[in-house]
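# Descriptive analysis of the structure
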Amino acid sequence: MPCTSCGPRSPRFGVDYNSRIVADYKPQAIEKKWQDRWRETRAFEVTEDPAKPKFYCLEMFAYPSGHAHVGHVRNYMIGDVVARMKRMRGYNVLHPFGWDAFGLPAENAAIKHGTHPETWTLENIAHMKGQLQRIGISYAWEREIATCLPEYYKWNQWVFLKMLERDLAYKRRSSVNWCPSCHTVLANEQVINGACWRCGSSVTPRELEQWFFRITRYADELLAAADASLQGWPEKVLTMQRNWIGRSEGARVKFDDIDVFTTRIDTIFGATFVLLAPEHAKVQAWSKEDPARFVDALKKFQGQDRTARMTGEVEKEGFDTGRTVVNPFTGQPVPVWVANFVLVEYGTGAVMGVPAHDQRDFEFARKYGLPVTVVVRPVDGASLSGDALEEATDSDGLLMNSGPYDGLPSSRAREQLTEVARSRGVGEGTVQYRLKDWGISRQRYWGTPIPVMYCDRCGMVPERYENLPVLLPKIGEFSGRGDSPLGQIPAFVNTTCPTCGGPARRETDTMDTFVDSSWYFLRFCDPTNTDLPFDPAKVAYWGPVDFYSGGVEHAILHLIYSRFFTRVCRDLGMTTIDEPFARLLTQGMVLKDGQVMSKSKGNVVDPDDMIQKFGADALRLYVMFVAPPEKEIEWTDAGLEGSWRFLARVWRLVDQLSGTIGGDDVPAPAGLALDDAERALRRKAHETIRRVTLDLDPRVHLNTAVSALMELVNELYAFTSRASGGRAGTDADAEVNAGTIERPATVAVLKEAVEALVLMVSPFAPHMAEELWEMLGHPGGIVAAGWPSFDPDVAKASEIIVPVQVNGKLRARLTASADAAEDQLREMAMADPHVMKHLEGRTIRKVVVAGVAGNRLVSIVVS
């Protein structure tokens, strides 16, 4: 069957070898042909089908920031390989895509370029969608969603109202970053060294009424599930989630009117100072009374990276407030300091400094000359004095210097001291979480309007469900300045109270964009529903997501918010699933010149440029082959060219053989009398099917799967060269005169191996594979053909290579039967002349045969 994309084809096999011209591999024409066909046939659109096993494959959707570079699209390629392979294995695959289209970057870009965020966003979506389609990602585009459209954000508002009814949404005063010049709230990442990123003005804390979601109500469940339910997640992500939730059992203790939280109340007799977070309410009040002591230091501390402050990566700094409080157990006054490594978000924003038994407190005390008192000694020995300590000792032991509690084990002391604190009214046992309720208020324009209003007579009033969506109004001139952009639009703000009919004012805050991404995977199951966010029956079929991939930078907030939203929907009776993502893969970054690809660094690679030069299939194959999905990759154009050359070899091979092996009249090789070379090729083909199948599903070891395919191609070139009369060891890419291949068994083995190769290449290079499959006489398409199967008996090698080590050093390689017994391998190793040379005059202590059948090692230990 001629290629319909490349013009007239060369004559088929059977003509004179020297007169034959192999058609060039022209990927751009082939790729456009198949992308058009997929779109016309709706190849990747699906509906629920109880007769098929389902597979929900999803990549974290894109923020439409402009033109996508290769670093962006690696994630989508990984997911597409998985989705395509699962379709071929008979699964009903849901593979949708959409756009995380609200948010601060669009607003900032609109300010910078003098355009409207909606215009900027929708233009970017159109361009990036074209890029993904040119790469050949198998998305169900009819399910596409963009979170900035009313048909999506209406349901953000719907869920908000449901949460408000259940006391999961509430409003309270909270401290925010305020820029007095821009008259706006800044996110933490917009504060650089204590100043506004845009104008450079000093940022000050400001108390504002803010909306929150009560995620802490689910803290214990989220934490427990991280250990029990998320078996398909990377351990590093689970650790990050556990640490973010940060459950700590301990006690709250009053040092006068300052509440501290501690997990080590057994060390309270060693508390020689109290540390407050720079954002603590008392610190803010004191700074107004004594600005000379406070203001400059607070600006510095609040401008430091909050994560670095929490982890202690910043230099530990502080200053004395000039105030003291009384340690409730020693009765002694202790100084109150402000420290940059204390955060108001954790515990109470105040900690008791016990430098002998906490390393950060120890470093702080040594730096500022604060006293160190040892109050816990090891069970099996004496403790050093505070002056002699070189570092803190944080392990449990027996109390000392603790009055009537001396000699108590730490665990028992914690119980007794907590009870004493309760009985005296100075404390109580409690459980604290690092996780705080999720503040969703944003004083920005480009986001979902919060569907509540304020009436002088009725107070806060939720919008009625039938009035949703509360539409985001249009703004003609967009400056980004002011307390809240929506507050400057009277037609939006002034409304009518749905309860009493009187005048009311709408909420002018918009929702955090993490709200958009916390449930979009549920909407994809039913994206056109106009009555509900989604049909519970459809989510029951598709959910949870079976394979989810994205950047590790989203390992905490996006994933924990998604887990929270899934549970809220469960408790609303809309789904029965607890966890949204059964398996998670976090892909590595793409580097160029040793740095992560970034427009600001000028080192991005545009996939359109690479497609124009080498084709989408070569780009896909290279990105999958160069490193495991979880690892970083260093981009090189030479590597991409190498992938193109490999695909050209596959094209040339199939082009040369299609006239001989194409069609349905070639018998299967099973049952035919095969010679040694034919058996070896057939074994290699079945072994490759086994390796690639396991590498793709369930391992997702995409790079090693490509390596296996490359080995098979080498074997096929060598075999066809010999079978057509060539000499083994000649140019592996030389054309073969397939017209001289007449032995039926050879044709049968070649057909089986080549067709398996084309099918296995298809998840990586789908356009070329479809074209080759059609060239081989199969008009039904790759998915209809299914994934190739392997025969374990055929894939098993008849002979294996067994390394032999003497005292850990390789001394020989044995060729043995694949089913050789351990005794036989020992005897062969001991009789090998290379091994015997290293055994002369030495005592054999042990001979061990390690490994499993097919992968053995003989280890000899001598003295």
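Up top is the structure.
Here's what I pulled together on the structure shown here. (Residues numbered from 1 in each chain as written. Predicted model: local features only at pLDDT ≥ 70, side-chain atom pairs only at ≥ 80, totals over all residues. Heavy atoms only, no water.)

Further remarks concern the overall build of the chain. Along the chain, the regular secondary structure elements total 28 helices and 34 strands. Viewed in the frame of its principal axes, the chain has a C-alpha envelope of about 100 × 85 × 50 Å. Residue pairs in contact within the chain that sit at least 24 positions apart in sequence constitute 72% of those at least 6 positions apart. Within the structure as shown, the chain displays about 36500 Å² of accessible surface, and the carbon and sulfur contribution to it stands at 50%. Across the chain, the mean location of the 99 positive side-chain charges is 1 Å away from that of the 111 negative side-chain charges. (Helix = DSSP H or I, 4+ residues; strand = E, 2+ residues; numbered from the N terminus. Contact = heavy atoms within 4.5 Å. Areas by Shrake-Rupley, 256 points an atom, 1.4 Å probe, with all protein chains shown as cover. Lys, Arg positive; Asp, Glu negative; His and termini not counted. Charge placed at Lys NZ, Arg CZ, Asp CG, Glu CD.)

Inspection of the entire model under this criterion finds 59 salt bridges. The salt bridge involving Lys33 is made with Glu771; its shortest N-O contact spans 2.8 Å. Remark: Glu771 occurs in helix α24 (residues 766-775) and Lys33 occurs in helix α1 (residues 27-41); sequence separation between them is 738 residues. Residue Lys33 shares its accessibility class with Glu771, and that shared class is buried. When salt bridges with common partners are traced through the structure, they connect Glu221, Arg563, Arg567, Arg570, Asp571, Asp578 and Glu579 into a single cluster. (Salt bridge = Lys/Arg side-chain N within 4 Å of Asp/Glu carboxyl O. Buried < 20%, exposed > 50% of the residue type's maximum accessible area, 1.4 Å probe, protein only.)

On to the nonpolar core, then. Residues Trp99, Phe160, Phe213, Tyr520, Trp635 and Phe764 are the most contacted members of the largest nonpolar core, which totals 179 residues. The element best represented in this core is helix α23 (residues 744-761), accounting for 13 residues. Sequence-distant contacts of Phe764, defined by excluding residues within four places in its chain, comprise Val81, Asp617, Arg620, Leu621, Met624, Leu696, Leu702, Ala705, Val706 and Leu709. Judged by nonpolar contacts, the second largest core, of 35 residues, contains Phe294, Val336, Ala350 and Val426. (Core = buried A, V, L, I, M, F, W, Y, C linked by side-chain atoms within 4.5 Å.)

The strand order across the open sheet formed by three strands is β29-β28-β30, and the pairing between neighbours is mixed. The open sheet is flanked by β29 (595-596) and β30 (633-634), the only strands paired with a single partner. Bridge count between strand β28 (residues 590-592) and β29: two bridges; the pairing is antiparallel. The residue of β29 that forms the bridge with Leu591 is Val596. (Pairing = 2+ DSSP bridges.)

Further remarks concern the side chain of Ser201. Within the secondary structure, Ser201 sits in the loop between β8 (195-196) and β9 (204-213). Among residues more than four places away in sequence, those in contact with Ser201 are Cys179, Ser181, Gly194, Ala195 and Cys196.

In this section: the packing of aromatic side chains. Counted according to the given criterion, the structure contains 42 aromatic pairs. Considering the side-chain rings of Tyr218 and Phe564, the 5.6 Å spacing of their centres and the 70° angle between planes classify their relative orientation as edge-to-face. Here the residue Tyr218 occupies a position in the loop between β9 and α6 (219-228), and Phe564 occupies one in helix α17 (residues 557-571), the gap between them amounting to 346 residues. The exposure classification of Tyr218 matches that of Phe564, with both residues buried. Of the aromatic side chains, those joined through ring pairs into one cluster are Phe160, Trp211, Phe213, Tyr218, Trp438, Phe514, Tyr561, Phe564 and Phe565. When the ring centre of Tyr91 is taken as origin, the NZ or CZ atom of Lys86, which lies over that ring, is 4.2 Å away. (Phe/Tyr/Trp six-rings, centres within 6.5 Å; stacked < 30°, edge-to-face > 60°. Lys NZ or Arg CZ within 6 Å of the ring centre and 35° of its normal.)

Counting buried residues along strand β1 (residues 54-59), six of its six residues qualify, which places the element largely inside the surrounding structure. Where β1 lies against strand β2 (residues 92-94), three bridges are found, and the strand directions are parallel. Along β2, the bridge assignment pairs Lys54 with Asn92. What joins β1 to β2 is helix α2 (residues 70-88), and the crossover it makes is right-handed. Relative to strand β26 (residues 547-551), β1 runs parallel, the two sharing three bridges. (Right-handed = clockwise from strand over helix to strand, strands pointing away.)

Below, the discussion takes up a positive patch on the surface. Taken together, the side chains of Lys809, Arg811, Lys837 and Arg842 make up a positively charged region of the molecular surface. Looking at the element boundaries, Arg842 is found in the loop between α28 (833-836) and β33 (844-852). (Patch = residues over 30% accessible without salt bridge, like charges linked within 9 Å, V, L, I, M, F, W, Y side chains within 5 Å.)

Let us now look at α23. Its 18 residues give α23 an end-to-end C-alpha distance of 26 Å, which sits within 8% of 26 Å, the value for a rise of 1.5 Å per residue. By the criterion of burial, α23 is predominantly enclosed, with 16 of the 18 residues buried. (Expected span 1.5 Å × (residues − 1).)

In this structure, Ala365 sits in helix α11 (residues 359-368). On the basis of relative accessibility, which here comes to 1%, the residue Ala365 falls in the buried class. Residues Ala365 and Asn467 lie 102 residues apart in sequence; the distance between their C-alpha atoms is 59 Å. Setting aside residues no more than four positions away along its own chain, Ala365 makes contact with Phe273, Pro355, Leu370 and Val372.

Attention now moves to the sheet that holds strand β24 (residues 503-506). Taken together, the four strands give an open sheet; going across it, the order is β22-β21-β24-β23, and neighbouring strands pair in antiparallel fashion. With one partner strand each, in any of the chains shown, β22 (459-462) and β23 (494-496) form the two edges of the open sheet. Averaged over neighbouring strand pairs, the angle between their axes works out to 40° when direction is ignored. As defined by bridge partners, β23 adjoins β24 across three bridges and the pair is classed as antiparallel. In the strand pairing of β24, Asn494 is matched with Arg505. (Axes fitted to C-alpha atoms, helices over the stretch in contact; angles between N-to-C directions.)

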